Amino acid sequence: MTKKMSMSTSKTSLVLFLCQIISALDVPLDSKLLEELSQPPTITQQSPKDYIVDPRENIVIQCEAKGKPPPSFSWTRNGTHFDIDKDAQVTMKPNSGTLVINIMNGGKAEAYEGVYQCTARNERGAAVSNNIVIRPSRSPLWTKEKLEPNHVREGDSLVLHCRPPVGLPPPIIFWMDNAFQRLPQSERVSQGLNGDLYFSNVQPEDTREDYICYARFNHTQTIQQKQPISVKVFSMDSLNDTIAANLSDTDIYGAKPVTERQPVLLTPTGSASTKVELRGNVLLLECIAAGLPTPVIRWIKEGGELPANRTFFENFKKTLKIIDVSEADSGNYKCIARNALGSVHHVISVTVKAAPYWITAPRNLVLSPGEDGTLICRANGSPKPSISWLANGVPIAIAPEDPSRKVDGDTIIFSHVQERSSAVYQCNASNEYGYLLANAFVNVLAEPPRILTPANKLYQVIADSPALLDCAYFGSPKPEIEWFKGVKGSILRGNEYVFHDNGTLEIPVAQKSNAGTYTCVARNELGKIQNEVQLEIKDPTMIIKQPEYKVIQRYGQVSFECIIKHDSTLLPTVTWLKDNDELPDDERFLVGKDNLTIMNVTDKDDGTYTCIVNTTLDSVSASAVLTVVAAPPTPAIIYARPNPPFDLELTGQLERSIDLSWIPGDENNSPITSFVVEFEDALHEPGVWRYQTEVPGTQTMAQLKLSPYVNYSFRVIAVNRIGRSQPSEPSEQYLTKSASPDENPANVQGIGSEPDNLVITWEPLKGFQSNGPGLQYKVSWRQKDVDDEWTSVIVANVSKYIVSGTPTFVPYEVKVQALNDLGYAPEPSEVIGHSGEDLPMVAPGNVQVHVINSTLAKVHWDPVPLKSVRGHLQGYKVYYWKVQSLSRRSRRHIEKKILTFRGNKTFGMLPGLEPYSSYKLNVRVVNGKGEGPASPDKVFKTPEGVPSSPSFLKITNPTLDSLTLEWGSPTHPNGVLTSYTLKFQPINNTHELGPLVEIRIPANESSLILKNLNYSTRYKFYFNAQTSVGSGSQITEEAVTIMDEAMASRQVDIATQGWFIGLMCAVALLILILLIVCFIRRNKGGKYPVKEKEDAHADPEIQPMKEDDGTFGEYSDAEDHKPLKKGSRTPSDRTVKKEDSDDSLVDYGEGVNGQFNEDGSFIGQYSGKKEKEPAEGNESSEAPSPVNAMNSFV
């Protein structure tokens, strides 16, 4: 019976929880509305739980709250009522619960130590603060002690104990000398976490009398100093000299030389130890070893890896630091100290516990009378925290009874609430390591509808863009919203409108016809109210003539056009950009109404120019590229880059500025236009040079702004029109003093990686931006519109912090502030982020399909509620697949197709469907996490379409007067085939077409014999299939009937006759004889006596004349200078006739020398190009058939 009751209770809790999600009211953040509504108190500001105060200053314990009516405040101290009226030193600020304890006027801070708690109360409930523990800070003096000098032998280990006084909070320890200079530390000498100074082995240079330990107490801004410690190191050489002076020559003496030793751990002692750390804290593990040579420390985690991105090594790897530890970091960590003689190790068993942290913090509920709701309080920790509830600050077990309330562990269930049910509930989650306390009110309101959108608000949108008309409302119970067009119009419905839960009416694609007056009506059982808004539709802005690509010579003039068309009621502004940046501040750039003109173009003007047209409603842009080419150079003057500047000098050194001067180098015939100053930070980025400033070329000195904590060096680069010089030699170094940071990290973002976290990231400051040592970040966050108190944590110099236990996809305000050892940066700006997304919960409903034609369908769906998306709405995905073809009834492998529609679209087109087929589809909503559940499958069918072409057409069995046709049915019938159509016509020898004959064939036929055809005739056939929709694409084929047998025999035999073979051999012999005669005549010119005589009496003054054209030239072999063919000479007008050469520039442009100039002119040479071979007759585009070839031969 008990089990059944518990199951019934859990089901009831689930149902009520779902009701709460659906029906709980959201109160808009309208200041006027919030002033009018009654509201229980909410704590907006309070002091930290552990509040350490300066005993010399007044104690201010903060407690601020809001509510309607304004709340009153009271305090308890150490669990009992604190009557501030009876203590003259204590006052409460007006209209506030903040206490001010006057210490500076005679009060003592120690008298006010204790645990304080604030209660804010009005007629609707009471909210309480955390327990605030007040403790004054303490900075006690060092106890007097007599310190003996430390005498140590060279190579031995040594520990100098600090033992600072116990303060509140604990002091920061550091070691310095009498001159207030920090003592140098290294792998050999370093400070431990307890403040002691450890020497792995001492060296003679460690001898000094002023090892001083300092303790800095930050709260009281005081520093305490320990008595100086003296260390005397005896080296072996000096010890041997001392012994030798006190012994005779015959004595045997000598101290042992410095001996090397294997490592021994100085801290921690033993082979194993344990450590407990809390989740989210920084884990620090330390191993310091003695030994000679100095041991090297290495860390490993047994059975696992050290966590990436959270592990850091400090103090020369003697300290292992893991930030933001979690339970997964528990385990055994081993440190290994090793030198050349051996190694030693120590295992630290780490256990990570956790103070309570939220999984689901209770959230305020605003309900209407009679509604249901739940408050959920879930926390985790190690050990598991216990959950307890309070009502108006009183344990719920002894609080006044409320019949609408039922407590079920970490959940309070409300059913049928009434106005008297309003209260503030506190959830306390606690374990041995801490506690969490959260206030959440239940506010039961009965309010008639109110419309918060201003009356007659004007909305202007561009045609074909979405229009969003607001109707912000509030009422309790939640009002229903209806929209009307016009004063007396009918209620708006249909797919062309989208109705949002917040009352907004969306017209996804606004047209001119949508302009006019719209009325929003809100009604609930307590009343009704309406409001009118106006919608105007404007024409889009267009660039009707865009700028075009230009190529211009240097020093020329160029112009870009940008002519626009826009709505007459909108005022456009035209902006020109160069390379996505502002135009140079140069008088050469002239911006006109419709164009941009650049005078006296230089190489710097090369780039992309963009025309941007903006109105108050839209923006368009167009771009074009300008290419600057070199003008013809003047050879008399050689231009070059300038020589580098020299003789750099630093003067006027200040904390934040310095003067740099230099002497320019030779400008090399091109005036120096500017000097670029760069700097190097040897402290943070040695070897990296960064831009500092740029000054005109007439200036040889610059005043440079400096940042704190940077070791500067400077160099100068000269710039002229040709380019940049080499950098100058660096200047001397200048180290600036430290200061608090001037700026905060950039690019702060808050994006959840899991449904229950918020990942806060930022770009860390660079080294020279830190302004001082000890760079850290203060990360703060609070839930937007819910939490008024910031939660903050200070982290090391990292770039990420993860907030766990957040609600799914809620907005957060986030800020990150830099700080260092000298203080905080200015207050950072806030950014809005979101906790992690989760998969959508709801599938789109009301999916409808409208089949437009046989290959296209349109799908509609209702949008899902935005709350159920649980993330950034990215769009909707439509999955659709073919189930079967209606003409074949054979199933095939199902291939699903996906179409994605971005944004909040509620319809889409499905192209590429197959006709006469059955399809299924479903729709899913998509956010940044993934896809939600699918809607129920929707079945639709496509109508018949025209078929594809028949799969094949074969023509066989040719006779004198008939042909046989065979065909295959279409691969895609796309419906029920009704018939086939055959068309054919004869083709003569000149490819002219004869009369066309058409035959209709039943759909069940697959072959046909055509009779009564002409013999020896070519026919062309056209064949296609039909459905009830129409004819499909056709397939063509050609075939020839055979000739009569006698003619075929005669034409075939002629090629085998003996006389024909003899004739062909005679023709071939005649051609061979002609070729031999031509070859002999061409070689005859080099064999006559005159040539032999001239060869024997070579006279350079005598030049022979060529026979063919009467010109003078050298004798040569015919192979070297062959005579030009007839018609190959170029006419006097330097034109080439078509019959002389059919070659084109394209033929020659393919070679290595074939090139085109920038203006398109051909600059190649005909070098090495062989003459084109003559065409072998006119070739037909089609291969002639054997029958036609034989017919033409006879």
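Let me begin by describing the structure that accompanies this report. (Residues numbered from 1 in each chain as written. Predicted model: local features only at pLDDT ≥ 70, side-chain atom pairs only at ≥ 80, totals over all residues. Heavy atoms only, no water.)

Comments concerning a nonpolar patch on the surface
Cut-off, in case you're wondering: What makes a patch is a set of residues exposed beyond 30% relative accessible area and free of salt bridges, joined within 9 Å when like-charged and within 5 Å when nonpolar (Val, Leu, Ile, Met, Phe, Trp, Tyr). Using a 1.4 Å probe, accessible areas were evaluated by the Shrake-Rupley method; residue-level cover was limited to the displayed protein chains. Basic side-chain nitrogens of Lys or Arg form a salt bridge, by our definition, when they fall within 4 Å of a carboxyl oxygen of Asp or Glu. Counting from the N terminus, the helices are DSSP H or I runs at least four residues long and the strands are E runs at least two residues long.
A cluster of nonpolar side chains, contributed by L1069, L1072, I1073, I1076, V1077, F1079 and I1080, occupies part of the molecular surface with about 690 Å² of accessible area. Secondary-structure assignment places F1079 in helix α6 (residues 1058-1083).

Topic: the state of the cysteines
What is meant by a disulfide is a covalent connection between two cysteines, made through their sulfur atoms. Note the following rule: Sulfur atoms of two cysteines make up a disulfide when they are within 2.5 Å. Burial classification: accessible surface area is computed with a 1.4 Å probe over protein chains only, and a residue below 20% of its type maximum counts as buried, one above 50% as exposed, and the rest as partly exposed.
Under the definition given, this model contains 6 disulfides. Between the sulfur atoms of C471 and its disulfide mate C520 the distance is 1.8 Å. Handedness here is read from the sign of the S-S torsion; for C471 and C520, about -60°, the answer is left-handed. Placement of the pair is C471 in the loop between β40 (467-469) and β41 (473-476) and C520 in strand β45 (residues 516-524), with a sequence separation of 49 residues. Residue C520 is classed as buried on the basis of its relative accessible area, which comes to 1%. In this model C562 forms its disulfide with C611; the gap between the sulfur atoms is 1.9 Å. Across the S-S bond of C562 and C611 the torsion is about -65°, and the bridge reads as left-handed. Here the residue C562 occupies a position in the loop between β49 (558-561) and β50 (563-565), and C611 occupies one in strand β55 (residues 607-614), the gap between them amounting to 49 residues. Like C562, the residue C611 is buried in the burial classification. Once the bonded cysteines of the chain are numbered in order along the sequence, the disulfide links fall as 1-2, 3-4, 5-6, 7-8, 9-10, 11-12.

Observations concerning the sheet that holds strand β58 (residues 657-663)
Our working rule: Whether two strands pair depends on DSSP finding at least two bridges between them. Axis geometry follows a simple rule: fit a line to the C-alpha atoms, using only the stretch in contact for helices, then measure angles between N-to-C directions, giving values from 0 to 180 degrees.
Reading across the sheet, the 3 strands line up as β57-β58-β61 and stay open at both edges, with antiparallel pairing between neighbours. Sheet topology places β57 (646-651) and β61 (701-705) at the edges, where each strand pairs with a single neighbour. In this sheet, adjacent strand axes meet at a mean angle of 25° when their direction is disregarded. Sheet topology note: the β57/β58 ladder contains 4 bridges and is antiparallel. In the strand pairing of β58, L650 is matched with L660.

Regarding the nonpolar core
Quick note on the threshold: Working definition of a nonpolar core: buried Ala, Val, Leu, Ile, Met, Phe, Trp, Tyr and Cys residues. They are joined through side-chain atoms within 4.5 Å.
Counting 30 residues, the largest nonpolar core has I59, I61, W75, I101, Y116 and I134 as its most contacted members. Put simply, the parts of the chain that give this core at least two residues each are β2 (50-53), β3 (59-61), β4 (63-68), β5 (72-77), β8 (99-101), β9 (114-122) and β11 (132-136). Sort the elements by how many residues they give to this core and β9 lands first, with 3 residues. Within the second largest apolar cluster, 22 residues are counted, among which are A399, V417, A423 and L436.

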